[in-house]
Amino acid sequence: ECNPIIVDDVLYGVSPKLKLFAIDAATGVQKWQFDPADSVSNISWHRKSVNMNRGVAYWQEGEDKRIIYTVGSVAYAVNATSGKLIPSFGINGGINLNKGLDRDENSVFVAPTSPVTIYKNLFFLSGLVGDETPGHIRAFDVKTGQQQWIFHTIPYPGEPGFETWEDSTAYKYLGSANSWAGFSLDVKRGILFAPTGNPTNDFYGGQRLGKGLYGNCLLALDAATGKLLWHFQTVHHDVWDMDLPAPPALVTVVRDGKSIDAVAQTTKTGFVFIFERETGKPLFPIEERPVATNTPLVGEKRW
């Protein structure tokens with residue numbers, strides 16, 4: 001599943017057993033290999049294994065060159081030249097992603113499935129989560145591994161969107177609404193675009209009545225602060241697992257002779273939604289129609 005990257009004639013990728021490797025892109029000769037299994041004894045917390053990784057990210061400041069990649073609930077910083085962990089990052093080179101979610105770290109599980117996205121000295125992640133783990137979007141410091149900001153995809157009291165959940169305690173126990181597909185980044189404007197999945201449970205919403213922000217949303221966040229700039233929810237109260245399956249494409253659309261920087265989001269429903277990047281204004285009309293909310297499912301109430 002891995003999509004390798006090439007930087008300065010070196011190809012960086014991940015094997016099916018999640019070993020990170022660097023090879024000469026011209027000859028295929030291996031320069032180094034990092035096996036996360038060898039690092040477990042050096043980190044003071046347990047790592048759950050998940051056999052999924054779609055790639056890595058690269059960061060550089062002068063001679064400090066790093067690969068940031070995830071294995072299960074661990075994000076590693078690896079020296080891109082030597083293949084060794086960077087001990088000043090997190091705990092001996094890794095951070096426990098189960099921490100920092102305002103839940104018991106032993107009851108949650110986070111496993112990013114797409115490469116992290118890097119902006120200046122920050123990297124962003126969400127990813128695959130357990131049924132009782134919120135898919136909050138977080139930013140971490142590339143150098144230290146310290147969490148810098150968090151955007152609650154299941155809003156807390158006092159946050160916009162909290163009123164869209166009929167159960168006012170949903171933020172304490174519900175999971176998902178995660179950006180498992182990965183992000184897109186407008187570097188010039190400093191906007192992070194994050195598509196989200198539906199809240200738990202995929203096919204029954206009786207325990208999460210209401211519109212349910214920010215599930216099934218395209219989010220535009222200030223990359224530096226995590227502040228919400230705008231959002232659009234493609235499905236309200238999803239009960240068909242119609243979450244957003246891919247990062248949006250950053251495109252330029254010409255209309256009436258004028259170039260418009262836009263963001264285009266594909267969906268499982270067959271629609272493509274296109275918005276102005278800065279404002280979230282749709283480039284094409286979006287019509288919402290009322291539907292019947294009754295259902296024979298006990299406890300369910302469609303939106």
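Everything numeric here is computed off the predicted structure, so don't read it as measured data.

A.B. asks: Teacher, can you tell me more about the overall build of the protein here?
C.D. replies: Secondary structure summary: the protein contains one helix and 21 strands in total. The C-alpha atoms of the protein give a radius of gyration of 20 Å, which matches the 19 Å a tight globule of 303 residues would have. In terms of principal-axis extent, the alpha carbons of the protein reach across some 60 × 55 × 30 Å. Taken over 303 residues, the protein has a buried fraction of 52%. The long-range fraction of contacts in the protein, counting pairs at least 24 apart against all pairs at least 6 apart in sequence, stands at 51%.

A.B. asks: Any chance you could explain the sheet that holds strand β13 (residues 137-141) here in plain terms?
C.D. replies: Sheet strands pair by backbone hydrogen bonding; their relative direction is either parallel or antiparallel. Spatially, the four strands line up as an open sheet ordered β10-β11-β13-β14, and their pairing is antiparallel. Each having just a single partner strand, β10 (117-119) and β14 (147-151) make up the two edges of the open sheet. Averaged over all pairs of adjacent strands, the angle between strand axes in this sheet comes to 25 degrees, irrespective of strand direction. Here strand β11 (residues 122-125) runs beside β13; their pairing, made up of four bridges, is antiparallel. Across the sheet, residue L125 finds its bridge partner in β13, namely R138.

A.B. asks: Even after reading the chapter, I still don't get empty space enclosed by the protein, so can you show me in this structure?
C.D. replies: Rolling a probe over the atoms, with the probe sized like a water molecule, indicates the empty space that remains. Tallying each qualifying case throughout the model produces four cavities of 30 Å³ or more. Space inside the largest cavity adds up to approximately 60 Å³. Around the largest cavity, the lining comprises 13 residues; the ones closest to its centre are S114, P115, S126, S179 and G182. Along the lines of polarity and charge, the residues of the lining of the largest cavity split into seven nonpolar, six polar and no charged.

A.B. asks: Please clarify how the packing of aromatic side chains should be interpreted in this entry.
C.D. replies: The description of an aromatic ring pair uses the distance of the two centres, along with the angle that the planes make with each other. Inspection of the entire model under this criterion finds 17 aromatic pairs. With 5.4 Å between their ring centres and 20 degrees between their planes, F123 and F140 make a pair best called stacked. Residue F123 is located in strand β11, and its partner F140 is located in strand β13; the two are separated by 17 residues in the primary sequence. Across this residue pair, the class does not change: F123 and F140 are buried. Here F232 and F275 contribute two aromatic rings whose centre-to-centre distance is 5.1 Å and whose plane-to-plane angle is 45 degrees, an arrangement assigned as tilted.

A.B. asks: Whenever I open this one, the environment of L213 confuses me. Can you help?
C.D. replies: Among the secondary structure elements, L213 is positioned in the loop between β16 (191-195) and β17 (217-222). Among the residues examined, L213 registers a relative accessible area of 7% and is labelled buried. Between the C-alpha atom of L213 and that of I286, which follows or precedes it by 73 residues, the distance is 18 Å. Filtering out sequence-adjacent residues up to four positions away, L213 remains in contact with T153, I154, P155, G161, T164, W165, H231 and Q233.

A.B. asks: Explanation requested: the sheet that holds strand β4 (residues 30-34) in the structure shown.
C.D. replies: Taken in spatial order, the four strands of this open sheet run β1-β2-β3-β4, and their pairing is antiparallel. Looking at strand neighbours, the two that pair on one side only are β1 (5-7) and β4, the edges of this open sheet. Along the sheet, successive strands turn relative to each other by an average axial angle of 20 degrees, direction set aside. Note: strand β3 (residues 20-24) against β4, four bridges, orientation antiparallel. Pairing of F21 across the sheet is with Q33, part of β4.

A.B. asks: Honestly, unusual backbone geometry in this entry has me stumped. Any pointers?
C.D. replies: Trans peptide bonds make up the majority, and among non-glycine residues the majority have a negative phi. Residue T200 is joined to N201 through a cis peptide bond whose omega torsion reads 5 degrees. Residue position: N201 is located in the loop between β16 and β17. Here the residue pair L213 and Y214 is connected by a cis peptide bond, since its omega of 10 degrees sits within 30 degrees of zero. Looking at the secondary structure, you find Y214 in the loop between β16 and β17.

A.B. asks: Is there a simple way to think about the pattern of salt bridges in this case?
C.D. replies: Side chains carrying opposite charge are able to pair once their charged atoms draw close together. Scanning the entire structure with this criterion turns up nine salt bridges. As a salt-bridge pair, D261 and R189 come within 2.7 Å of each other at their nearest N and O atoms. Of this pair, D261 sits in strand β20 (residues 258-266) while R189 sits in the loop between β15 (184-186) and β16; the two residues are 72 residues apart in sequence, bridging distant segments of the chain. The exposure class assigned to R189 is partly exposed, which follows from its relative accessible area of 26%. Connected via shared salt-bridge partners are D186, R189, D261, R277 and E278.

A.B. asks: It is not clear to me how the pairing of strand β5 (residues 57-61) should be interpreted in this structure. Could you clarify?
C.D. replies: The side chains of a regular strand alternate between both faces of the sheet. Pairing of β5 with strand β6 (residues 64-71) involves five bridges; the strand directions are antiparallel. What sits directly across from Y58, in β6, is I67. Here β5 folds back onto β6, and the loop between the two strands holds two residues, one of which, G62, carries a positive phi near 65 degrees.

What counts as what
- Residues numbered from 1 in each chain as written.
- Predicted model: local features only at pLDDT ≥ 70, side-chain atom pairs only at ≥ 80, totals over all residues.
- Heavy atoms only, no water.
- Helix = DSSP H or I, 4+ residues; strand = E, 2+ residues; numbered from the N terminus.
- Rg over C-alpha atoms; globule rule 2.2 N^0.38 Å.
- Buried < 20%, exposed > 50% of the residue type's maximum accessible area, 1.4 Å probe, protein only.
- Contact = heavy atoms within 4.5 Å.
- Pairing = 2+ DSSP bridges.
- Axes fitted to C-alpha atoms, helices over the stretch in contact; angles between N-to-C directions.
- 1 Å grid on protein atoms, 1.4 Å probe; cavity = no way out; pocket = protein on both sides within 12 Å on 5 of 7 lines; lining within 4 Å.
- Points joined across faces, edges and corners; volume = space filled by probe spheres on them.
- Nonpolar A, V, L, I, M, F, W, Y, C, P; charged D, E, K, R; others polar.
- Phe/Tyr/Trp six-rings, centres within 6.5 Å; stacked < 30°, edge-to-face > 60°.
- Salt bridge = Lys/Arg side-chain N within 4 Å of Asp/Glu carboxyl O.

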